[in-house]
Each structure stands twice: as structure tokens, then as C-alpha cells.
Amino acid sequence: MTPTFSVCVYCGSKPGADPDFATTARAVGHWIGARGGQLVYGGGKNGLMGIVAAATLEAGGRVVGVIPKALVEKEWANNDCSELHIVDTMHERKRLMAEHADAFLALPGGIGTFEEFFEVWTWRQLGYHDKPVGLLNQNGYYDLLVTFLQSTVTQGFMGDWQMGLIRIGDQAEDLLRELVQAAGLAPESHLDQI
Ligand code: AMP
């Protein structure tokens, strides 16, 4: 069955110190799966990445994993995925993930998550795509980053319009709904039925 929407989730390959992060990763996967959606992610079983994927599948959603061959063992490639793409390079991974998604959401994570989030944000600013990009600032995890980003506007290196290209929220389900709607998919009434 064709998924109703497809969300690319970037998140930690570790679970993080706050147990709420795992709880929310599970809720994100459940939200996507229960609405007949598709998760696109890095294809591993580690950390928050593995949790989002398992929850999406458990709730009946599709999961597309994309992993470079060099990371198949390190990140425990997830054979439970509905589609698992093993690609040659990290660049290919990111291109394929972006192509398969209607919207992007970054949850708490580390350097890989930051890199992926910043890349789709810059691609949006360059007009390479026009898909919504969200940052989940759960429990203030990204407070310092958001403050820093706002300071770059004051410092004259970024414009308000660039900040306006990302949606920042602290409630996962609200942010997911906003992103899917901004992508022009699944009207509110449908999303709220579940
Ligand atoms: P992390 O947030 O560091 O736990 O990484 C989350 C995911 O981002 C992992 O699947 C990494 O392989 C991936 N990732 C993507 N781009 C990079 C990069 N340039 N450096 C490190 N990890 C990356």
C-alpha cells in the first residue's frame, strides 16, 4: 500500500542520557506508523534510530532504511526494514533519504544528526528542495543551538528568512503534524482521527 506520507527522521545512534528521548522516539515511530506513513532513516538498529524504526513497524508503517556499506556492522543494519538500501557512500545515503521523504525531522542526536539536519536546511535555502524541515527541541536539548542560531542573525551572518525555513518545536506530535501538513499531505481531520 502506498504510504500516506513519508517523513525522514534524523536522530542519535545512541539513546542519550535522558530516558525521555527514547520514549519520544517511540512515540514518533508510532505516530508515523499508525497513520499509514513511512519512516525514512539511516537504517541502523542502534540508539534512537533503532527505536523509531521498531515503533513505526510495530504500528503498521513502512520503514525505508539507507545505510552505507561501511556502516552495516557498526550501526547494525536493520533487516526488519520494509526496504533496506545498502549504498556505497554517505553522500548517496543522504541523497536517497532526501529523495524518499516529504519532510524532515531531527530529534536529539549527535554530530551525524547535526550534519544531516544542517544539510537539508542548506539544501532548502538553496532551493534544491522545498520540503519542510523540523527540529525537535525536546526537554531543551537544542536550547543552546537555537540561541546560537538566533545570535547569528543579530551578528549579520544569517537572515530571519533562513531561520524561517525551519520549524522548531518541543512537542513531537505537534511538530510532526505541522510538517506533514506543510508538505501538503494528510489533512488535519485525517491525522486527528487516530
Ligand atoms: P549521531 O547523531 O552522531 O549518533 O549519528 C546519527 C546518524 O548520522 C548515524 O547513522 C551516522 O552514520 C549519520 N551520519 C550522517 N552523516 C554523518 C557524518 N558526516 N558524520 C558522522 N555521522 C553521520
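Reading the values: rules and limits
Residues numbered from 1 in each chain as written. Predicted model: local features only at pLDDT ≥ 70, side-chain atom pairs only at ≥ 80, totals over all residues. Heavy atoms only, no water. Near = heavy atom within 4 Å. Polar contact = N/O pair within 3.5 Å; in protein donor to acceptor, adjacent residues only side chain to side chain. Areas by Shrake-Rupley, 256 points an atom, 1.4 Å probe, with all protein chains shown as cover. 1 Å grid on protein atoms, 1.4 Å probe; cavity = no way out; pocket = protein on both sides within 12 Å on 5 of 7 lines; lining within 4 Å. Sits in = over half its atoms within 2 Å of the grid points. Helix = DSSP H or I, 4+ residues; strand = E, 2+ residues; numbered from the N terminus. Nonpolar A, V, L, I, M, F, W, Y, C, P; charged D, E, K, R; others polar. Buried < 20%, exposed > 50% of the residue type's maximum accessible area, 1.4 Å probe, protein only. Contact = heavy atoms within 4.5 Å. Pairing = 2+ DSSP bridges. Axes fitted to C-alpha atoms, helices over the stretch in contact; angles between N-to-C directions.

S.K.: Explain the site of the ligand here, please?
M.R.: Around the ligand sit 16 residues in total, of which Ser-13, Glu-75, Gly-110, Gly-112 and Thr-113 are the nearest. A distance of 3.3 Å separates a nitrogen atom of the ligand from a polar atom in the side chain of Lys-94. Notes on the ligand: free accessible area 490 Å², of which the protein chains cover 79%. With respect to the detected pockets, the ligand is housed in the largest pocket. Those elements that place two or more of their residues in the shell around the ligand are α3 (90–100) and α4 (111–125). The dominant element in the shell around the ligand, judged by the number of residues it contributes, is α4, at five residues. When the residues that make up the shell around the ligand are grouped by side-chain class, the tally is five nonpolar, six polar and five charged.

S.K.: Quick question: what am I supposed to make of unusual backbone geometry here?
M.R.: Comment: phi is negative for the bulk of residues other than glycine, and the bulk of peptide bonds are trans. Positive phi is not limited to glycine here, since Trp-76 has a value of about 55°. One can find Trp-76 in the loop between β3 (62–68) and β4 (83–87). Non-glycine residue Asn-139 carries a positive phi angle of around 50°. Mapped onto the elements, Asn-139 comes out in the loop between β6 (133–136) and α5 (143–154).

S.K.: How do you make sense of the environment of Gly-37 when you look at a structure like this?
M.R.: With respect to the secondary-structure elements, Gly-37 resides in the loop between α1 (19–34) and β2 (38–41). On the accessibility criterion, Gly-37 (1% relative accessible area) is buried. On a C-alpha basis, the gap between Gly-37 and Glu-83 in space is 14 Å, while along the polypeptide they are 46 residues apart. The residues contacting Gly-37, other than those within four sequence positions of it, are Pro-3, Thr-4, Phe-5, Ile-32, Gly-61 and Arg-62.

S.K.: What should I look at first to understand the sheet that holds strand β7 (residues 166–169) in this one?
M.R.: Two pairing modes exist for strands in a sheet, parallel and antiparallel, and in both the strands are linked by backbone hydrogen bonds. Here seven strands make up an open sheet; going across it, the order is β4-β3-β2-β1-β5-β6-β7 and the pairing parallel. Both outer strands of the open sheet, β4 and β7, are each paired with one neighbouring strand and no more. The sheet shows a mean angle of 20° between the axes of neighbouring strands, direction not considered. Bridge analysis of strand β5 (residues 103–106) against β6 gives three bridges, and the strand direction is parallel. Across the sheet, residue Leu-105 finds its bridge partner in β6, namely Gly-134.

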